[in-house]
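So the chains spell out like this:
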Amino acid sequence: MVAPPPAVPVAEAPEAAPPPAGVVPEAPLPPVLEQALVDFQAERYLSVLEAALPLAEADVRARKLVADSFYNTRRFAEAASHYEKVLKAEPENAAIARYLADAWMQSSDPKRARPLYELLAASNPESSELVLLAGDAARASGDPAGAEASYEKARKMGVPAAEIDQRLRLLTAAGEGTAKAAEPGPKAPKQHKKQGGEW
């Protein structure tokens, strides 16, 4: 009988390079958050809230899941409250700033949404969508001149005239601004469905 060959030693994994100075590696997700992320992806938002809400104070990833779940259950004021806290922890996170502005608009607080949309538009000069959103927030907060200026800027950026004219018509229908309207172009409002786990 022939003896089996000796076991080949398993090579040890090489040590990972240390993170750059000042960068703290992200801790692995606790099992409860892993399950919350699975629940979020399956659109079981109430399960996510039950699991992640108790962890939200200590873990920004949990707070993001909570905010996204509140948003997707149309609890926009609560979503905005959590997005604000995430943005304080991650001030450079443009996606969270956008979600916060969207939540404020949905919760009828356009005066708070407008500066964020304007900041995002200034940071993304090629984004006509952000310019339009800043105009919508200006209109909703009672500044027709600001709205009209944003819409005209978007027109110069190449937004179709029908879309601009439709927004300008909203100003004139409310007795605000001066519209340069043509035929209306019906548009369904965009539904904002958050994607969880964006960290």
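Residues numbered from 1 in each chain as written. Predicted model: local features only at pLDDT ≥ 70, side-chain atom pairs only at ≥ 80, totals over all residues. Heavy atoms only, no water.

Undergrad: How should I be thinking about the environment of Ser81 in this particular structure?
TA: Position of Ser81 relative to the elements: it lies in helix H4 (residues 76-89). For Ser81, a relative accessible area of 30% corresponds to the partly exposed category. Spatially, the C-alpha atoms of Ser81 and Ala103 are 9.1 Å apart, while their sequence positions differ by 22 residues. (Helix = DSSP H or I, 4+ residues; strand = E, 2+ residues; numbered from the N terminus. Buried < 20%, exposed > 50% of the residue type's maximum accessible area, 1.4 Å probe, protein only.)

Undergrad: Explain the environment of Ala56 here, please?
TA: When you line up the elements, Ala56 lands in the loop between helix H2 (45-52) and helix H3 (60-72). Each residue touching Ala56, except ones within four places of it in the same chain, is listed here: Ala62, Arg63 and Val66. (Contact = heavy atoms within 4.5 Å.)

Undergrad: It is not clear to me how the packing of helix H7 (residues 128-140) against helix H9 (residues 161-173) should be interpreted in this structure. Could you clarify?
TA: Two quantities define a packed helix pair, namely the angle between the axes and the distance from one axis to the other. Where H7 meets H9, the axes come as close as 11 Å, and the angle between the chain directions of the two elements is 10°. Taken together, H7 and H9 sit at an angle that is classed as roughly parallel. Residues Leu132, Asp136 and Arg139 of H7 lie in contact with H9, whose contacting residues are Glu163, Ile164, Arg167, Leu170 and Leu171. For the contact of H7 with H9, the class distribution of residues is 4 nonpolar, no polar and 4 charged. (Axes fitted to C-alpha atoms, helices over the stretch in contact; angles between N-to-C directions. Parallel < 35°, antiparallel > 145°, perpendicular 65-115°, else oblique. Nonpolar A, V, L, I, M, F, W, Y, C, P; charged D, E, K, R; others polar.)

Undergrad: Would you mind going over the environment of Tyr45 with me for this structure?
TA: With respect to the secondary-structure elements, Tyr45 resides in helix H2. The spacing of Tyr45 and Phe70 is 25 residues in sequence and 7.7 Å in space, taken between C-alpha atoms.

Undergrad: What am I meant to see in the confidence of the model for the protein chain here?
TA: Low-pLDDT portions of the prediction should not be read for the details of their coordinates. Looking at the protein chain, pLDDT values average 80 and 74% of them are 70 or higher. Element-level mean pLDDT values for the protein chain span from 86 in helix H1 (residues 31-41) up to 96 in helix H6 (residues 110-123). When the criterion is pLDDT under 50, residues 1-14 qualifies, and its contacts beyond four places in sequence or with other chains add up to 0 contacts. Considering only residues more than four positions removed or in separate chains, one finds that residues 178-193, a stretch of pLDDT under 50, has 31 contacts. (pLDDT = per-residue confidence, 0-100.)

Undergrad: Please explain the pattern of salt bridges as it appears in this structure.
TA: Opposite charge on two side chains permits pairing when their charged atoms draw close. Under the criterion given, the structure shown has 16 salt bridges. The shortest N-O distance in the salt bridge between Arg61 and Asp59 comes to 2.9 Å. Shared partners join several salt bridges into a network, and the residues in it are Asp136, Arg139, Glu163 and Arg167. (Salt bridge = Lys/Arg side-chain N within 4 Å of Asp/Glu carboxyl O.)

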